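# Results of the structural survey
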Amino acid sequence: MMQLNLTKVDYTQVGVTFPKSMKLLPPTGKKDPTQKVAVADQNGVLQMFGVKKGEIVPIFKTVPGQKISRLCLGGAAGGAKDKIFISSYAEVKGFTKKGKQFLGFDTNLTESIKNMDVQGADLLITGNYIFNHYRDCKDTDYYLCGDKINDIISLPLETVPELTPVLACQDRALRVLQGSNVRSQIETAGAPSVLCLYGNDGGENGEEIVYGTTDGRIGLVVVSEQEPHHKWDITNTKRQGAVQCLDNYDITGDGLADLIVGRDCGTVEVYGYDDSDEPVLRYTTSCNESVSSVEGGCVASPNYVEVACVTYAGFVQSLTTESFEKQLGSENKKVVEHHVQAKLVHLKLGAWTNNRTIAKRGWPGWRG
């Protein structure tokens, strides 16, 4: 089984972050095939940057405000998810990829927004116990959960035509909603802390969900209406921390999306899949502190894939497939190539500059 060799690069540092506070936007086209990083922090700052020729390129940065609890991407149904949504207390804001705010929606909820998902004109949010569904900023559905809600996700509308939210609940259950009612409930081995669609599309029928738990397990469930069931489960034999974030991206280059896992103990893992579609650990490393977000993509170069990571303290890092070293003859000495050395200098200088400089400065009916 092929093992990965990834190199860690520091990009910048933002404020302290909540889980699920960073996303990579889709590339804009052939002229700019790399992806931009959008990250939000507890200082209330949303910022986006790219990396070009080894340098951090700021795109926009908002002024500080209320703590940002979640960041997710949305867009017109069937189109690119290139709009940025953030939640602060009971308010949801939307920004274009150029930093222009197009949405400011006060939900008037009595508790702060903890989790959020956006599908077209549908906004799904939860507090600790309450789920709300808004369509075009109009209250549509409501559900009061008997235990704490740790995460929310909805099945892809491309394959599941009816909006289907799934709640990860502290009482070791996934609750599949239909309107304001529970359609089905699936027990999990531990309290589910985070959810993601299998392969980013939910599999062939769009009903497969990967979950991580507070006791470090990872599992795959099929939430079909006829027969919900488990497909596999990874036990936490090494007693690592809770799973905080998940993503899917082809890091190994085998044409299949690998599973990327971030834990609150600082561990980042990449799992591939064997011939029987069972996950196999390909790579593991430590970020030395709790990992709040992970995302696979191409940020610094279109020719090298990487895992972008954000830690609790706001360090934005990359685990890249780009090799920064080469072997020199039989002496087996390693030397950093000049262009890569210059790239690291630029990145560190950009991070230092960003840390010392602070920028001072209705959704209804939108369809992209």
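Residues numbered from 1 in each chain as written. Predicted model: local features only at pLDDT ≥ 70, side-chain atom pairs only at ≥ 80, totals over all residues. Heavy atoms only, no water.

Bringing the sheet that holds strand β8 (residues 91-95) into the picture now. One open sheet accounts for four strands, arranged β6-β7-β8-β9; its pairing is antiparallel. Two strands in the sheet have a free side with no partner beyond their single neighbour: β6 (70-74) and β9 (101-106). If you compare each strand with its neighbour and ignore which way they point, the axes differ by 20° on average. Relative to β9, β8 runs antiparallel, the two sharing five bridges. Counted as the bridge partner of K93 is G104 from β9. (Pairing = 2+ DSSP bridges. Helix = DSSP H or I, 4+ residues; strand = E, 2+ residues; numbered from the N terminus. Axes fitted to C-alpha atoms, helices over the stretch in contact; angles between N-to-C directions.)

The next subject is the sheet that holds strand β18 (residues 192-197). If you trace the four strands from one edge of the open sheet to the other, you get β18-β19-β20-β21, paired in antiparallel fashion. The open sheet is flanked by β18 and β21 (229-234), the only strands paired with a single partner. Taken over all neighbouring pairs, the strand axes of this sheet differ in orientation by 25° on average, direction set aside. Sheet topology note: the β18/strand β19 (residues 208-213) ladder contains five bridges and is antiparallel. For L195, the partnering residue across the bridge sits in β19 and is Y211.

Applying the stated criterion to the full structure yields nine salt bridges. Its salt-bridge partner being D151, residue K20 comes within 2.6 Å of it at the nearest N-O pair. Of this pair, K20 sits in the loop between β1 (7-13) and β2 (22-24) while D151 is found in strand β14 (residues 149-154), placing the two residues 131 residues apart along the sequence. Among the residues examined, K20 registers a relative accessible area of 23% and is labelled partly exposed. By relative accessible area, D151 is classed as buried at 1%. Where R175 meets D171, a salt bridge forms, and the shortest distance between an N and an O atom there is 2.7 Å. (Salt bridge = Lys/Arg side-chain N within 4 Å of Asp/Glu carboxyl O. Buried < 20%, exposed > 50% of the residue type's maximum accessible area, 1.4 Å probe, protein only.)

On to the nonpolar core, then. I251, V268, V294, V307 and L319 are the most contacted members of the largest nonpolar core, which has 16 residues in total. Of all the secondary-structure elements, those providing two or more residues to this core are β24 (267-273), β26 (291-297) and β27 (306-311). In contact with V307, not counting residues within four places along its chain, are I251, I260, V294, E295, G296, Q317, S318 and L319. (Core = buried A, V, L, I, M, F, W, Y, C linked by side-chain atoms within 4.5 Å. Contact = heavy atoms within 4.5 Å.)

Two measures describe an aromatic ring pair: the distance that separates the ring centres and the angle between the ring planes. Applying the stated criterion across every chain, the model contains six aromatic pairs. The interplanar angle of 75° and the centroid separation of 6.3 Å between the aromatic rings of Y11 and F49 together place this pair among those described as edge-to-face. With Y11 in strand β1 and F49 in strand β4 (residues 46-52), this residue pair connects regions lying 38 residues apart in the sequence. The pair Y11 / F49 is uniform in exposure class, with both members buried. Between F60 and F95, the ring centres sit 6.4 Å apart and the planes meet at 20°, which makes this aromatic pair stacked. Of this pair, F60 sits in strand β5 (residues 55-61) while F95 sits in strand β8; the two residues are 35 residues apart in sequence, bridging distant segments of the chain. As far as burial versus exposure is concerned, F60 and F95 are alike and both buried. Ring pairing ties together the aromatic residues Y198, W232 and Y273, which thus form one cluster. (Phe/Tyr/Trp six-rings, centres within 6.5 Å; stacked < 30°, edge-to-face > 60°.)

Another point: a nonpolar patch on the surface. Judged by side-chain polarity, Y129, Y142 and L144 come together as a nonpolar surface patch covering roughly 310 Å² of accessible area. Using a relative accessible area of 39% as the deciding quantity, one classes Y129 as partly exposed. (Patch = residues over 30% accessible without salt bridge, like charges linked within 9 Å, V, L, I, M, F, W, Y side chains within 5 Å. Areas by Shrake-Rupley, 256 points an atom, 1.4 Å probe, with all protein chains shown as cover.)

Taken over all residues, the pLDDT of the protein chain has a mean of 89, while the share at 70 or more is 87%. Predicted confidence for residues 326-338 stays below pLDDT 50, and this span has 15 contacts to residues more than four positions away or in other chains. pLDDT under 50 marks residues 364-368. Its contacts with residues more than four places away, or in other chains, come to 14 contacts. (pLDDT = per-residue confidence, 0-100.)

On to the side chain of T126, then. The residue T126 is located in strand β11 (residues 122-126) in this model. A distance of 2.8 Å separates polar atoms of two side chains, one belonging to T126 and the other to N115. Each residue touching T126, except ones within four places of it in the same chain, is listed here: S112, I113, K114, N115, F131, I149, I152 and L167. (Polar contact = N/O pair within 3.5 Å; in protein donor to acceptor, adjacent residues only side chain to side chain.)

Next up on the list: the pairing of strand β10 (residues 115-119). Here β10 lies mainly inside the structure; five of its five residues are buried. Side chains of β10 alternate between two faces, with N115, D117 and Q119 and M116 and V118 buried alike. The sheet contact formed by β10 and β11 spans five bridges and is antiparallel. Among the inter-strand pairings, N115 is bridged to a residue of β11, identified as T126.

Right, let's get into the environment of S323. For S323, the position within the fold is in the loop between β28 (315-320) and β29 (325-328). It is 7.0 Å that separates the C-alpha atoms of S323 and T7, two residues lying 316 residues apart in sequence.

Moving on: the environment of S290. Within the fold, S290 resides in the loop between β25 (279-286) and β26. Separated by 27 residues in the primary sequence, S290 and R263 place their C-alpha atoms 6.4 Å from one another. Ignoring anything within four residues of it in the chain, the contact list for S290 reads Q244, R263, D264, G266, T311 and Y312. Within the structure, the side chain of S290 is placed 3.0 Å from the side chain of Q244, a separation counted as a polar contact.

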